[in-house]
Structure formats: C-alpha cells, structure tokens
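Here are the chains, one letter per residue:
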Amino acid sequence: MNSSGYKAGNMNNAFYKTFGDIIVVLDADTRIFPNFLNHTTGYFRNKQLGWVQTPQWFYDIPEGLPLKEYLSVKYNKFGKIISFFIPFSKRFIVGRNVFGTDPQLFYDVILRRRNAKNAAFSCGAGSLQRRSALTALAIKEQQEQIETQVKELKKNNKQIDIAKTKLQLEKEIPLRPFVHHISEDIFTSILLHSNKPKWESYQHPDVECKMLSPQSFDVFIQQFSRYAEGTIDIALSKNNPLWIKGMNLKQRLSYLETIWSYLSPLWLTIFLFYPIVFFFTLIPPLKAFNFDFFIRIVPLLILNTLVTTFGNWGVSTQRPEQFYLAGFWYKMQALYKVLTKRKIKFNVTSKSIKHANSNLKHVWPHILVIILSILGIAYNSYLVYINAHPSYSAFFANVFWTVFTFYLIIPYIRAAFWDKKLFEQSMRYYQHKSKIS
C-alpha cells in the first residue's frame, strides 16, 4: 500500500483489494444513512450507468448568532455596551453558514440539472462507481500510455509488440481506474463520459450521508483553492472537455460552465476595482450614464434577479453569490499557480477548529477595496459639495455599485475573523435552539 497519486492513489490501491460490482466512495468523516444502498443501487439496473453521486450534506454548518451575542463573545463587555445601542440586536442573526460551505445550491440545482444532459460529474465522497466502467477506463488509459512510450521506438512491428507486452507484464504502467490528479473525481468523470461505451451518470436528489464541513476560514480556502487549481489544470490539459473526443455538445457546455466559474477573477477584479478607478480619475466606465442608460439597465437587473430567484426556487443563493464574487482572490492565485506551472499540492481538508490567526492574507485585497472605496466616495462627495464634479449620475451609479460590492465582500471578511470561540458558541446556540424547538 502507498499513497502516491493523492486520494486517487489510495482508491486505486483499494480497488484491487475489493471485489464488489459497485464501489462506494466515502471520506473518513462520511457517515452514511442506513438506507444508503437501498436508495441508490437501483439506478445501476441501467447497464450504461457508470456512477451515481449523492448530495454531500454538512450537518455542522453554523446557524449563526444574534448580533448581541456575537458582539458579547467577540468583544466581551465592550461588545455588550455596543449592542445596547443597536436596534434589534437580539433578533438580527450574523454568521449563518459563515464559511459559505452549504452545498445545497450546487447539488440540488446545478448538478441535478445536468442529469438531463448526462453531464453530472462525480464529487468523490458519497458516490457509487461501477467497477466495470472503471476497469474499462483503466485499460484504455494503460494502452494509451504504452502507445506513447513505444511509438518513438525505431523498431519493426514485432519488436514493438514485444515491448508493449513487456510493459504490461512487468506492470511498469499499472492499471489505474481513478486518475492520479488533484481533482481525480471530476477528471475521472470526464474520461468516463468520453470513453466508449458511452457511460452515463446520475445526480441522486436525496441526502443519503452526512459529513463534517471545513471549520475554519483557512481550511475553507485550502479546500476551494484545490478545487480551483485542479479544474484549471484540467482545462489546460489535452483532456479539456471542450476538445476531448467522445462527448456531445451539451456535455461539453456543462463542463465548460464549471471551468468558466474558476476563470471569474479575470472579470470580477474589474467589477471590484473599477469604481475606485472612477472615484480617483473621474473617468466613468461608460460614456452614457444618463436616463437612456438607466431605463435599460434597471429592468435588466430586475429581470435577472427574478430569473435567478425562480430558477433556484426554495434554495438560498445569498451566500453563494457573495462568496462567488469575494472568492476572486483565491481563484486568481490558483490561476496564477497553474499558469506558472508551480507544483500543486493535495491538502487534506482538516476537520479541526482553528483560531483565525493568519487569515489576513486571504482578505487583504477585500479590505483594500473597502478602504479605497470609502476614501474615493469621500473625495467625490467633496467635489459634489463644491459643485465641481463632472458627472453626478456617474457618481451616484458608482456609489450604488460600491455599496452592492460591500454587501458581497463584508461577509467574506467577517468569515476570515470568525474564530474558534465564535464557531463553538454558534454551535452551542444552534443545539440549544434545536432542543427548545
């Protein structure tokens, strides 16, 4: 036994020490419900079904604290005094899903909708894999690697066949059902979806297991940085789902959606910083900040909000939207790391609660945005006061833009300083509330 090849290496070791037709993939902290197999194995009556993914449910996501209690825990007596002057401090809850780890939107909306396109990919823990599908993939990958090694040999066909046989018999290129990669789950899914025969996948709708969520902001960043680095690395490989052979257009577009989300820092950085550029240069991002512009953009924004609300009916999108924009910095770092070909590490997600002692490195750009924005608004307000501002409409539009940005990034900053003491108090508060109800 060895652990080469990240998590996939361990699963490959286990693959050859088991014999069942269906393999269940679980993390060390995953606890399955009694009817897990009863509710999921029936899908495999479809002989072309390669794997089933069940939702990953974190049962320990903080439900938050009333603002009064949050301030008391965070700032002791001084916090109690502050809360006394804040209206509704006993009712206003802060820190609900503080680390943005609730995966309901991803599993219930995004991945389930890909069932119709046969493009739901495996996410590792909580999945069931068909052994024959993985074996067929492993044989194909082995043959391709052997072909690569011997194609440059200047020998006749008979000698090449001997070389191939030698490589297989000596197991210099072993059979690896799970791809050795930092994102082995989605990578293996891509290869299975493009392999012959055409393997199908299915995202199961119901929660069938529970597990622990990242319990500190630093661990959250490590986990999601790994997702970003792995996905971007796949996008830059020969197995990019856009041009790999064997997929249909709907599958390619579905995988592109996942890859595209990790390229978001390329435009999110502009979204965050251009108001600041305007405040200090007075150069508007658009030339037409007038009635004609607003009469078109406002209905568009309202319609977009309504479509998002109805399209995700019953599932909260607040925290995912906030962390999508605020996560631009770790995604930018992941993009830089892959493009510069730096070594990507597989960091095991810690499940222990840690103090917030080194999280400033994750949120300093966000704090900088807030400071510069406030200074910029103050400067522009002065220009308005002395009647020297070139465009009042551009100023008010960018102020609105900036306030919306604050709404998106402040919860992210707060999460960075949500320490062990607050986390434990939030869990105790939630447990106490559950007992009362």
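Our subject in this report is the structure included herewith.

Reading the values: the criteria
Residues numbered from 1 in each chain as written. Predicted model: local features only at pLDDT ≥ 70, side-chain atom pairs only at ≥ 80, totals over all residues. Heavy atoms only, no water. Helix = DSSP H or I, 4+ residues; strand = E, 2+ residues; numbered from the N terminus. Buried < 20%, exposed > 50% of the residue type's maximum accessible area, 1.4 Å probe, protein only. Contact = heavy atoms within 4.5 Å. Areas by Shrake-Rupley, 256 points an atom, 1.4 Å probe, with all protein chains shown as cover. 1 Å grid on protein atoms, 1.4 Å probe; cavity = no way out; pocket = protein on both sides within 12 Å on 5 of 7 lines; lining within 4 Å. Points joined across faces, edges and corners; volume = space filled by probe spheres on them. Nonpolar A, V, L, I, M, F, W, Y, C, P; charged D, E, K, R; others polar. Arc of directions from axis to C-beta. Patch = residues over 30% accessible without salt bridge, like charges linked within 9 Å, V, L, I, M, F, W, Y side chains within 5 Å. Salt bridge = Lys/Arg side-chain N within 4 Å of Asp/Glu carboxyl O. Pairing = 2+ DSSP bridges. Lys, Arg positive; Asp, Glu negative; His and termini not counted. Charge placed at Lys NZ, Arg CZ, Asp CG, Glu CD. Axes fitted to C-alpha atoms, helices over the stretch in contact; angles between N-to-C directions. Core = buried A, V, L, I, M, F, W, Y, C linked by side-chain atoms within 4.5 Å. Polar contact = N/O pair within 3.5 Å; in protein donor to acceptor, adjacent residues only side chain to side chain.

1. Some thoughts on the overall build of the protein
Okay, so step 1: Of regular secondary structure, the protein possesses 16 helices and nine strands.
Okay, so step 2: In the protein, which comprises 437 residues, the proportion classed as buried is 44%.
Okay, so step 3: A separation of at least 24 residues holds for 83% of the contacts in the protein among residues at least 6 apart in sequence.
Okay, so step 4: Here the protein has roughly 24000 Å² of accessible surface; of this, 62% comes from carbon and sulfur atoms.

2. Notes on the layout of surface pockets
Okay, so step 1: As a volume, the second largest pocket reaches approximately 700 Å³.
Okay, so step 2: Taken together, 31 residues make up the lining of the second largest pocket; nearest its centre are Arg-96, Asn-97, Asp-102, Ser-316 and Arg-319.
Okay, so step 3: Each residue belonging to the lining of the second largest pocket can be placed in one class, and the counts come to 18 nonpolar, seven polar and six charged.

3. A short note on helix α12 (residues 318-326)
Okay, so step 1: Among all positions of α12, only Arg-319, Gln-322, Phe-323, Leu-325 and Ala-326 are buried. The buried residues of α12 all sit within an arc of 165° when viewed along its axis, so they share a single face.
Okay, so step 2: Considering only its buried residues, α12 is in contact with β6 (93-96), α8 (217-235), α10 (265-281), α13 (328-339), α14 (360-385) and α15 (392-416).

4. Observations regarding a nonpolar patch on the surface
Okay, so step 1: Together, Val-298, Ile-302, Leu-306, Phe-310 and Trp-313 make up an exposed nonpolar region whose accessible area comes to about 560 Å².
Okay, so step 2: The residue Leu-306 is located in helix α11 (residues 291-311) in this model.

5. Thoughts on the sheet that holds strand β9 (residues 209-211)
Okay, so step 1: Taken in spatial order, the three strands of this open sheet run β2-β9-β4, and their pairing is mixed. A single partner strand is all that each edge strand has here, and the edge strands are β2 (31-32) and β4 (57-58).
Okay, so step 2: Relative to β9, β2 runs antiparallel, the two being bridged by two bridges. Counterpart to Arg-31 in the pairing with β9 is Lys-210.

6. Description of a positive patch on the surface
Okay, so step 1: On the surface, Lys-68, Lys-77, Lys-80 and Lys-90 cluster together to form a positively charged patch.
Okay, so step 2: Residue placement: Lys-80 occurs in helix α3 (residues 67-84).

7. Some details on the sheet that holds strand β1 (residues 22-25)
Whenever strands of a sheet pair, they do so through backbone hydrogen bonds, lying parallel or antiparallel.
Okay, so step 1: Taken in spatial order, the four strands of this open sheet run β1-β7-β3-β8, and their pairing is mixed. This sheet does not close on itself; its edge strands, each paired only once, are β1 and β8 (200-203). Taking each pair of neighbouring strands and ignoring which way they run, the sheet shows an average axis angle of 20°.
Okay, so step 2: As paired strands, β1 and strand β7 (residues 127-130) are joined by four bridges and run antiparallel to one another. In the strand pairing of β7, Val-25 is matched with Ser-127.

8. Observations concerning the pairing of β8
Okay, so step 1: A one-sided burial pattern is seen for β8, the buried positions being Ser-201 and Gln-203 and the unburied ones Glu-200 and Tyr-202.
Okay, so step 2: Of the pairings in the sheet, the one linking strand β3 (residues 49-53) to β8 comprises four bridges and is parallel in character. Within β8, the position partnered with Val-52 by the bridge is Tyr-202.

9. Considering the nonpolar core
Okay, so step 1: Counting 42 residues, the largest nonpolar core has Tyr-70, Phe-99, Phe-217, Ile-409, Tyr-412 and Trp-418 as its most contacted members.
Okay, so step 2: If you list the elements that add at least two residues to this core, you get α3, α8, α10, α12, α13, α14, α15 and α16 (420-436).
Okay, so step 3: Residue contributions to this core peak at seven residues, all from α15.
Okay, so step 4: With residues up to four places along the chain from it excluded, the contact list for Tyr-412 reads Phe-217, Phe-220, Ile-221, Phe-323, Ala-326, Gly-327, Tyr-330, His-362, Val-363 and His-366.
Okay, so step 5: Counting 26 residues, the second-largest nonpolar core is a separate cluster that includes Ala-8, Leu-134, Phe-178 and Met-247.

10. Describing the environment of Gln-431
Okay, so step 1: Here Gln-431 lies in helix α16.
Okay, so step 2: In this structure Gln-431 comes out as partly exposed when scored by relative accessible area, which is 44%.
Okay, so step 3: Separated by 368 residues in the primary sequence, Gln-431 and Glu-63 place their C-alpha atoms 9.4 Å from one another.

11. Comments concerning empty space enclosed by the protein
Okay, so step 1: A complete count under the given rule lists two cavities of 30 Å³ or more for this structure.
Okay, so step 2: Considering the residues around the largest cavity, the lining is formed by 13 residues, among which Ser-122, Gln-129, Phe-178, Asp-185 and Thr-188 are closest to the centre.
Okay, so step 3: Among the secondary structure elements, those contributing two or more residues to the lining of the largest cavity are β7 and α7 (184-194).
Okay, so step 4: Counted by class, the lining of the largest cavity contains five nonpolar, six polar and two charged residues.
Okay, so step 5: The space that makes up the second largest cavity amounts to roughly 30 Å³.
Okay, so step 6: Lining of the second largest cavity is provided by Ile-186, Ile-190, Thr-231, Ile-234, Tyr-255, Thr-258 and Ile-259.

12. What about the side chain of Ser-189?
Okay, so step 1: One can find Ser-189 in helix α7.
Okay, so step 2: Separated by 2.8 Å, the side chain of Ser-189 and the backbone nitrogen of Ser-122 make a polar contact.
Okay, so step 3: For Ser-189, the contacting residues outside a window of four places in its chain are Trp-51, Phe-121, Ser-122 and Tyr-255.

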